[in-house]
Amino acid sequence: MKTRRLGSAGLEVSALGLGCMGMSEFYSGRDDTEAVATIHRALELGLSLLDTADMYGPFINEVLVGKAIADRRDQVVLATKFGNVRGENGEYHGIRGDADYVHQACEASLKRLGVDHIDLYYQHRVDPNTPIEETVGAMAELVKAGKVRYLGLSEAAPETIRRAHAVHPITVLQTEYSLWSRECEEEVLPTVRKLGIGYVAYSPLGRGFLTGNIRRIEDLGEDDYRRNAPRFQGENFQKNLNLVGEIEVMAREKGCTSAQLALAWLLAQGEDIVPIPGTKKRARLEENVAAVDVRMTAEDLTRIDRILPAGAAAGTRYAAPQMQALNR
């Protein structure tokens, strides 16, 4: 597995990471045994970056990841997040970034993960009611205390990123980025590159749509949250499926899968970008990992820009309430 450097503070991770969210919630079909086996296989294949968050489950995804890495902690760059506040029954209580909550959330995550430090700690969403200087100041205290090694932000606006970075170096920004979510190319990606901040791309396979394995809404379980996602709804679904069809044609010509082509495209956007495709199955993991060996030519990249230019996907990334929490 190739490695990439994230940010300017020396954090080095595998070129691909593993998103663990779907192992515990949001995507239908939970199997903890297979999930743990998938994490172990990821480490065997050289993936080092594991991504979780306190809200996934809620809370149980951190416990799952912690158990999976208990006897192999030294192989892992462990990333988790705080800020999306949820109750024990899954209810949402808004977003918090105040200093007291930052410390409380970190202590709770350390306990659930069963570790003495978190390698990469993200603010999951920016709290509009708390100055970013207060939030990052509290996160910096965690670094000073040895509980956190590197700091990250997720879905933050360029000005917020600059203000945060002035308080304490931000090592990573995590935002959605894929063939059908390219909004970050306008301002966010240039901003982090100017500041020397690495970029972790979540949902690099368009929540599974870009794999070509979802042909109709009925392919998703009744409890799968994607059934309510705008890009999986009504006319948007068919329009996006047509776009995926063109990607499938190109993938066949290159002798790879659609998922591998989508990941290879993202890897080709810069050595400072690390995609974290999520999966809970070893077979899908192995398919994704093979993307690092797919070579993208200049002609390939031009063709993809023609097939799926920025803004081509039909529908917004999230439903309206969740969209309001982005780019703050």
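As the structure is a computational prediction, the values presented were derived from the model and not from experiment.

## Some points on the environment of D272
Inspection of the secondary structure puts D272 in the loop between α8 (258-267) and β12 (273-275). Separated by 72 residues in the primary sequence, D272 and V200 place their C-alpha atoms 8.4 Å from one another.

## Quick word on the sheet that holds strand β9 (residues 148-154)
Taken in spatial order, the 8 strands line up as β3-β4-β5-β8-β9-β10-β11-β12 in an open sheet, and their pairing is parallel. Looking at which strands have only one partner, the edges of the open sheet turn out to be β3 (18-19) and β12. Examined bridge by bridge, strand β5 (residues 77-82) and strand β8 (residues 118-123) share 4 bridges and lie parallel to one another. Paired with T80 across the strands is Y121, a residue of β8. Along the sheet face, helix α3 (residues 99-113) touches β5, β8 and β9 and points at about 140° away from the line of β8.

## Thoughts on the environment of A15
Summarising the element assignment, A15 is placed in the loop between β2 (11-14) and β3. The exposure class of A15 is buried, given its relative accessible area of 3%. Sequence separation between A15 and R5 is 10 residues; the distance between their C-alpha atoms is 8.7 Å. When residues no more than four places from it in sequence are discounted, the contact partners of A15 are M1, K2, T3, R4, L267, I273, V274 and P275.

## Observations regarding the environment of V188
Mapped onto the fold, V188 is located in helix α6 (residues 188-195). The exposure class of V188 is buried, given its relative accessible area of 9%. The spatial distance from the C-alpha of V188 to the C-alpha of G114 is 34 Å, given a sequence separation of 74 residues.

Quick notes on the rules
Per-chain numbering applies: the sequence of each chain, read as written, is numbered from 1 onward. For this predicted model, a pLDDT threshold of at least 70 governs which residues receive local features, and a threshold of 80 or more governs which side-chain atom pairs are given and counted, while totals over whole chains, interfaces and linings are taken from all residues. Side-chain metrics in this entry use all non-hydrogen atoms of the structure; hydrogen atoms and water are not considered. Labels follow the DSSP assignment, with helices taken as runs of H or I lasting at least four residues and strands as runs of E lasting at least two, numbered in each case from the N terminus. By this definition, two strands are paired if DSSP reports at least two bridges between them. Pairs of residues are marked as contacts when any of their non-hydrogen atoms sit within 4.5 Å. All axes here are fitted lines through C-alpha atoms, helices being fitted over the stretch that makes contact, and every angle between N-to-C directions spans 0 to 180 degrees. Accessibility here uses a 1.4 Å probe with only protein chains present; expressed as a share of the type maximum, an area under 20% marks a residue as buried, one over 50% as exposed, and anything in between as partly exposed.

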